[in-house]
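Listed here are the chains, written in short residue letters.
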4 protein chains.
Amino acid sequence: MAEKKVAFLGIGSMGAPMARNLLKSGYSVTVFNRSRDRAEKLIADGAVVSDTPAGAVTQGGMVVTMLSNDAALEAVTLGSGGILEKLGKGGVHVSMSTVSPETSRKLASKHAEIGATFVAAPVFGRPDAAAAQKLYICFSGDAEAKERARPVFSVLGQSATDFGNDHGAANVVKLSGNFMILSAVQAMSEALALAEKNGIDRSTLINFFTQANFACPVYQNYGRILADRSYEPAGFKLELGMKDIRLARDTAEAAMVPMPLADLLHARLLESIAKGRAGMDWTAIELATAEDAALR
Amino acid sequence: MAEKKVAFLGIGSMGAPMARNLLKSGYSVTVFNRSRDRAEKLIADGAVVSDTPAGAVTQGGMVVTMLSNDAALEAVTLGSGGILEKLGKGGVHVSMSTVSPETSRKLASKHAEIGATFVAAPVFGRPDAAAAQKLYICFSGDAEAKERARPVFSVLGQSATDFGNDHGAANVVKLSGNFMILSAVQAMSEALALAEKNGIDRSTLINFFTQANFACPVYQNYGRILADRSYEPAGFKLELGMKDIRLARDTAEAAMVPMPLADLLHARLLESIAKGRAGMDWTAIELATAEDAALR
Amino acid sequence: MAEKKVAFLGIGSMGAPMARNLLKSGYSVTVFNRSRDRAEKLIADGAVVSDTPAGAVTQGGMVVTMLSNDAALEAVTLGSGGILEKLGKGGVHVSMSTVSPETSRKLASKHAEIGATFVAAPVFGRPDAAAAQKLYICFSGDAEAKERARPVFSVLGQSATDFGNDHGAANVVKLSGNFMILSAVQAMSEALALAEKNGIDRSTLINFFTQANFACPVYQNYGRILADRSYEPAGFKLELGMKDIRLARDTAEAAMVPMPLADLLHARLLESIAKGRAGMDWTAIELATAEDAALR
Amino acid sequence: MAEKKVAFLGIGSMGAPMARNLLKSGYSVTVFNRSRDRAEKLIADGAVVSDTPAGAVTQGGMVVTMLSNDAALEAVTLGSGGILEKLGKGGVHVSMSTVSPETSRKLASKHAEIGATFVAAPVFGRPDAAAAQKLYICFSGDAEAKERARPVFSVLGQSATDFGNDHGAANVVKLSGNFMILSAVQAMSEALALAEKNGIDRSTLINFFTQANFACPVYQNYGRILADRSYEPAGFKLELGMKDIRLARDTAEAAMVPMPLADLLHARLLESIAKGRAGMDWTAIELATAEDAALR
């Protein structure tokens, strides 16, 4: 019988709906969040709140983490009062944050030292997709961790794809995906500038493509935002997009893979941040292309 | 009652299935092709073959052109024995080739001089989509021409979107679309190089994304080719992709729109042609990215 | 004895001081300019003014052209009342304009048909260098034309380098040189933006490098303009720089040479023109880099 | 009277001739190098060798460092047996390595805590220029340190320029300079590819420009290497160039300055390393441009 008890660390805009879905599916969930008030919002759904990461973890049990970056994940795992003080032999860590492959590989090795296993399992989808159990999950790591995490994946997402034993592989996939999304945004931005300068309506252009050969969520969702320039409030902040493209570039440098398109995206993000747009939606890199064409 | 008679000029890999679909739908079709033998293959389907463009055209009637480039379209329209020697007042020219907006604007003006009308109506879709009446059509131009062309569009494609009165607008849309497609190819190429260097299987990566947030024809069809590196035989030759990206860049320069991603694609195409890959599928620009990473 | 008679066509900001130097050196010079008033200013220096290109030319003699672009050179050479109506067997055409190698090759062939010879001999240097007989000349073409042009080169410039028999070669050198100059401008622009954001004085930075390992005219002259942002009046207009980079890119495409740095320069020029800077000095591409960094 | 005693840490290909020049000028020099054998070669010139950084330093005296990277400089300064264990109040640290501005700012702050002063003073010039006392020095930092370092600068270089009080400023200048040098290499590489494809001799092209408007050491020295493709043995290893361009990019990201040309150089360096050229001279990035054009 599948285990129905997990610790869930990181109750942010993604983590909250994910933990809630586990609770709804009958899981017993102990939660931890650095700002405790966000964790307490789940009490009504049946969650137990812990003051420390270790306090949420059961020895030999399963812990899911959904944190904002590498530093937060390392602190929660290796720091004082962290996961590894408690998890122990037979424990499983399902790491769903967007972090570098190097961090996953390093943490996996720390888990192995104490007989625990580790699976990297980052997700695609925004908070509404998380709430609707519609995330796309890519995962990689230790066989035992992957096996025990599957029931959790089936609660949280609509698909889960195994990328093998390298603990960093799933992170590479996630970073590649965010790179591909922002590449699509840049391509649409240039097409929109060309169209607008030729007197073509932005929405008509986007509608045409997203009902034709580009009829998929990335183009439909982001295309809509681009056509309307509805960059605030942010669905995914530009400064977080910068973090991910930076991780992609670092990973590419380590692997010796020149990625000129990633460099272009990085330059657009940096320009956007210099211009005070760090808090807008990451699609707002479009404004730089419009400005180059003197459209604004 | 809708007219059921058209001239169809340009019986290539796209034009042939399109003309055949018109014949099947009850149209009386007179065809012309520079190499007459390709036109003659449609005789069995009921087509009449003409020796000249003008010979295929009915005065005041409708002519559809599907030719390989601007020069061919101009020759067939303005040259000796060309369309404009015959089309006359009330005639309609439906130009479905991928050409520059400037060529459409120039030709439209020539049609206006003789009382004929012009609609630019380029299409998205490969020959198999043409055969299946699944093309996506974008069109723009004279109101009368657009009205009279609608029944033809409904035979040839699964959708047709009106981009207004500027005769060049639909060409801008078509060029933007091909630019967006090749941008997607470049994005996938860089992601694949990063993945491959990290030991991730190419097909698993493509399958994951194209069943998730990139589940649309462009990523599915081209992603499959990229994962397998099945660049020969070509579905759409790289040298034709170069023609289209060159037209997009020329249009961008005329409109004063910097398009750094289009520049990147142009450089990849040029490198590919220098390396002898002009006859491969245009997705073969991927090889340049792999070579930069010393993967080949 | 060297011939001391030439026709000089194109009395612009470069042509005027060059023709004047020939007059000072004892040459008998007949001049032509499309706007006759500019030509007439040389009468006081001893020039004879002609109403047509052909009228300035002596049969079997030497004609020097210094015109603004390919179209002007073709018109003056091949048009009605043009050079080739008069030049004849034994005539020599010294073409000093910045034009495409293709134009030189085509014109050389037209000259050969009538027994005349052709040398492409574009120059480096601004009007003040022209006045001071300090131009750097690169030349290529027919042996006889090169031999007969040498005394003219020694009047006009401080050095003249032979690039062989291909009539287009010297034009490739000239376009390469302008590409290298604008590349230096872009490099200094990025360095200045980085420095300025770090609180470093622009002039101190430029002075340091141009008295050290970058102590040469390109960096000293353009560095001074960049440090001061003295983009008006223009020494060389940005729109002319665009013409030259476009020619360089066209030449690169014909030769199948990807030039990503040339693409970057083209994008900066296009952005600058979109922003209304076509009439500024071409170093004003720097403003785009500063704007990307939100420095303005 | 100027102090005539210094500690010199880092006896590599640059540090050795620099320390030797100080000895020749009458300085008493105690040297340290991680591999002691390199330090011992200076004994014949009058140097005293120390086993540790601190052992070479005099309390309140002057120490010059010339090390390979940020980590080495930090270790020698802050590590066990490091400079700060001994330097003390009134001591001066002249840091001549190419490191990040952040490292200089951090180290300056550590010196201030103990009453010592710090000046960043990186240099331009290869080992032969170091031997000939021909280095170009840019420096910035504490007033007292700058004043006391001046006599040392006048021994080591042909010029020294003050960039103010920010300890990181001189490092920004150094990184900008290396960026400008490699930009020049890339510009020459593209020009050479264009020329070669047009049948123009590489050496003739380089000779022309470097005797004309590009007559300065960067173009003359690197142009010669590029024309001959004499990339081995390396004057400055490509992997070290990568380090410096990486530092420039990191500095640009911190300052929010998009540098697309720096991105292009980084991609060329990364491609070169992927292809096994890390040990060649950094001008060998040229090969990537030639390969893109199918010239090799």
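Caption draft 1: Spatial organisation of the overall build of chain A. Counting its secondary structure elements, chain A contains 13 helices and 9 strands. What you see for chain A is a C-alpha radius of gyration of 20 Å, in line with the 19 Å of a compact globule of 296 residues. Projected onto the principal axes, the alpha-carbon positions of chain A cover approximately 65 × 45 × 35 Å. Out of the 296 residues belonging to chain A, those deemed buried represent 62%. Within chain A, contacts between residues at least 6 apart in sequence are counted, and of these 64% link residues at least 24 apart.

Caption draft 2: Inspection of the domain arrangement of chain A at higher detail. Residues and elements named next belong to chain A. Annotation of chain A at the domain level lists domain 1 (5-166) and domain 2 (172-292). For domain 1 versus domain 2, the distance between C-alpha centres works out to 29 Å. The interface of domain 1 with domain 2 comprises 9 residues on the first partner and 11 residues on the second. The residue inventory of the side of domain 1 that touches domain 2, partitioned by class, reads 5 nonpolar, 3 polar and 1 charged.

Caption draft 3: Structural view of the relation of the copies chain B and chain C. With an RMSD of 0.0 Å, the operation that places chain B on chain C is a rotation of 180° combined with a shift of 0.0 Å along the axis. One copy is carried onto the other by what is essentially a two-fold rotation axis. Rotation axis and chain B: the residue whose C-alpha lies nearest the axis is Asp263(B), separated from it by 3.1 Å. Interface overlap between copies is the fraction of interface residues in one copy that are interface residues in the other; for chain B against chain C it reaches 100%, indicating a shared surface.

Caption draft 4: Structural context of the relation of the copies chain B and chain A. For these two chains of identical sequence, chain B goes onto chain A by a turn of 180° and a shift of 0.0 Å along the axis, with RMSD 0.0 Å. Taken together, the interface assignments show that 100% of the residues at the interface of chain B recur at the interface of chain A, consistent with an identical surface on both copies.

Caption draft 5: Fine view of the pairing of strand E4 (residues 62-65) of chain D. All names here are of chain D. Taking every second residue as pointing to the same face, both faces of E4 are buried, with Met-62 and Val-64 on one and Val-63 and Thr-65 on the other. Sheet topology note: the strand E1 (residues 5-9)/E4 ladder contains 4 bridges and is parallel. Following the sheet pairing, Phe-8 is matched in E4 by Val-64. Summarising the sheet, E4 and strand E5 (residues 92-95) pair through 4 bridges and their orientation is parallel. Bridging from a neighbouring strand, Val-63 pairs with His-93 of E5. This β-α-β element, E4 to helix H4 (residues 70-78) to E5, shows right-handed connectivity.

Caption draft 6: Examining the interface of chain B and chain C more closely. Counting residues at the interface gives 10 residues for chain B, matched by 10 residues for chain C. Counting residues per element, the side of chain B that touches chain C draws most heavily on helix H12 (residues 260-274) of chain B, which supplies 7 residues. A per-class count over the side of chain B that touches chain C returns 7 nonpolar, no polar and 3 charged.

Caption draft 7: Summary view of helix H5 (residues 101-113) of chain B. Residues and elements named next belong to chain B. Taking 1.5 Å of rise per residue, 13 residues should cover 18 Å, and H5 covers 19 Å from first to last C-alpha, within 8% of that figure. Along H5, the residues classified as buried are Pro-101, Thr-103, Ser-104, Leu-107, Ala-108 and His-111. Looking down the long axis of H5, one finds its buried residues gathered within 150° of arc, a one-sided arrangement. In H5, the exposed residues that point more than 90 degrees away from the buried face are Ser-109 and Glu-113. On its buried face, H5 sits against helix H4 (70-78), strand E5 (92-95), strand E6 (117-120), strand E8 (135-141), helix H8 (169-197) and helix H11 (238-255). A positive phi of about 85° marks Gly-115, the residue just after H5.

Caption draft 8: Just the packing of helix H9 (residues 202-210) of chain C against helix H10 (residues 217-228) of chain C, in detail. Residue and element names in this part refer to chain C. It is at 9 Å that the axes of H9 and H10 come closest, and there the two elements cross at 175°. If you check the angle between H9 and H10, you find them roughly antiparallel. Where H9 abuts H10, its residues Arg-202, Ser-203, Ile-206, Phe-209 and Thr-210 lie against Tyr-219, Gln-220, Gly-223, Arg-224, Leu-226 and Ala-227. Of the residues that constitute the contact of H9 with H10, the class distribution is 5 nonpolar, 4 polar and 2 charged.

Caption draft 9: Main features of the interface of chain B and chain A. Each partner contributes to the interface: chain B provides 56 residues, whereas chain A provides 56 residues. Those elements that provide at least two residues to the side of chain B that touches chain A are E8, strand E9 (157-162), H8, helix H9 (202-210), helix H10 (217-228), H11 and H12 of chain B. Ranked by residue count, the leading element in the side of chain B that touches chain A is H8(B), at 18 residues. Here the side of chain B that touches chain A is built from residues that sort into 39 nonpolar, 13 polar and 4 charged.

Caption draft 10: Inspection of helix H12 (residues 260-274) of chain D at higher detail. Residues and elements named next belong to chain D. The end-to-end C-alpha distance of H12 is 21 Å, a good match for the 21 Å that 15 residues give at a rise of 1.5 Å each. Most of H12 is tucked away: 15 of the 15 residues are buried. Of the residues one or two after H12, Gly-276 is the one with positive phi, at around 85°.

Caption draft 11: Representation of the environment of Met180(B) in the model. As for its position among the elements, Met180(B) is in helix H8. The class of Met180(B) is buried, set by 22 C-beta atoms lying within 10 Å. Apart from residues lying up to four places away in sequence, Met180(B) is in contact with Ala187(A), Met188(A), Ala191(A), Phe209(A) and Phe214(A).

Caption draft 12: Examining the pairing of strand E2 (residues 28-32) of chain C more closely. Residues and elements named next belong to chain C. Of all 5 residues that make up E2, 4 are buried, and the element is covered over most of its length. With 5 bridges connecting them, strand E1 (residues 5-9) and E2 associate as parallel partners. Bridged to Leu-9 within E2 is Phe-32. Considered for its hand, the β-α-β crossover made up of E1, helix H1 (residues 15-24) and E2 is right-handed. In this sheet, strand E3 (residues 48-49) lies alongside E2 in parallel orientation, the contact comprising 2 bridges. The residue bridging Thr-30 from the neighbouring strand is Val-48, located in E3.

Caption draft 13: Region of the structure containing unusual backbone geometry. In this structure, Pro233(A) follows Glu232(A) across a cis peptide bond, with omega equal to 0°. Among the structural elements, Pro233(A) can be located in the loop between helix H10 (217-228) and helix H11 (238-255). One non-glycine residue, Arg229(C), adopts positive backbone phi at about 50°. Residue class for Arg229(C) comes out partly exposed when judged on the 17 C-beta atoms lying within 10 Å of it.

Caption draft 14: Inspection of the packing of H8(B) against H11(B) at higher detail. Residues and elements named next belong to chain B. Contact geometry of H8 with H11 gives a least axis separation of 9 Å together with a crossing angle of 120°. Between H8 and H11, the angle falls in the class oblique. Here the hand of the crossing between H8 and H11 comes out left-handed. Across the interface between the two elements, Val-172, Leu-175, Asn-178, Phe-179 and Leu-182 of H8 pack against Gly-241, Asp-244, Ile-245, Leu-247, Ala-248 and Thr-251 of H11. Counted by class, the contact of H8 with H11 contains 7 nonpolar, 3 polar and 1 charged residues.

Caption draft 15: Inspection of the confidence of the model for chain A at higher detail. Residues with a pLDDT of 70 or more make up 99% of chain A, whose mean pLDDT is 97. Scored as a complex, the prediction yields pTM 0.97 and ipTM 0.96.

Caption draft 16: Representation of the environment of Lys4(B) in the model. Examined against the element boundaries, Lys4(B) turns out to sit in the segment before strand E1 (5-9). Note: C-alpha distance between Lys4(B) and Phe124(B) (120 residues apart in sequence) is 24 Å.

What counts, and where the lines are drawn
Residues numbered from 1 in each chain as written. Chains lettered and ligands numbered in written order. Predicted model: local features only at pLDDT ≥ 70, side-chain atom pairs only at ≥ 80, totals over all residues. Helix = DSSP H or I, 4+ residues; strand = E, 2+ residues; numbered from the N terminus. Rg over C-alpha atoms; globule rule 2.2 N^0.38 Å. Buried ≥ 20, exposed ≤ 12 C-beta atoms within 10 Å, placed from the backbone. Contact = placed C-beta atoms within 7 Å. Domains from an automatic or database assignment. Nonpolar A, V, L, I, M, F, W, Y, C, P; charged D, E, K, R; others polar. Least-squares fit on C-alpha atoms with pLDDT ≥ 70 in both. Pairing = 2+ DSSP bridges. Right-handed = clockwise from strand over helix to strand, strands pointing away. Expected span 1.5 Å × (residues − 1). Arc of directions from axis to C-beta. Axes fitted to C-alpha atoms, helices over the stretch in contact; angles between N-to-C directions. Parallel < 35°, antiparallel > 145°, perpendicular 65-115°, else oblique. Left-handed = near helix turned anticlockwise from the far one by under 90°. pLDDT = per-residue confidence, 0-100.

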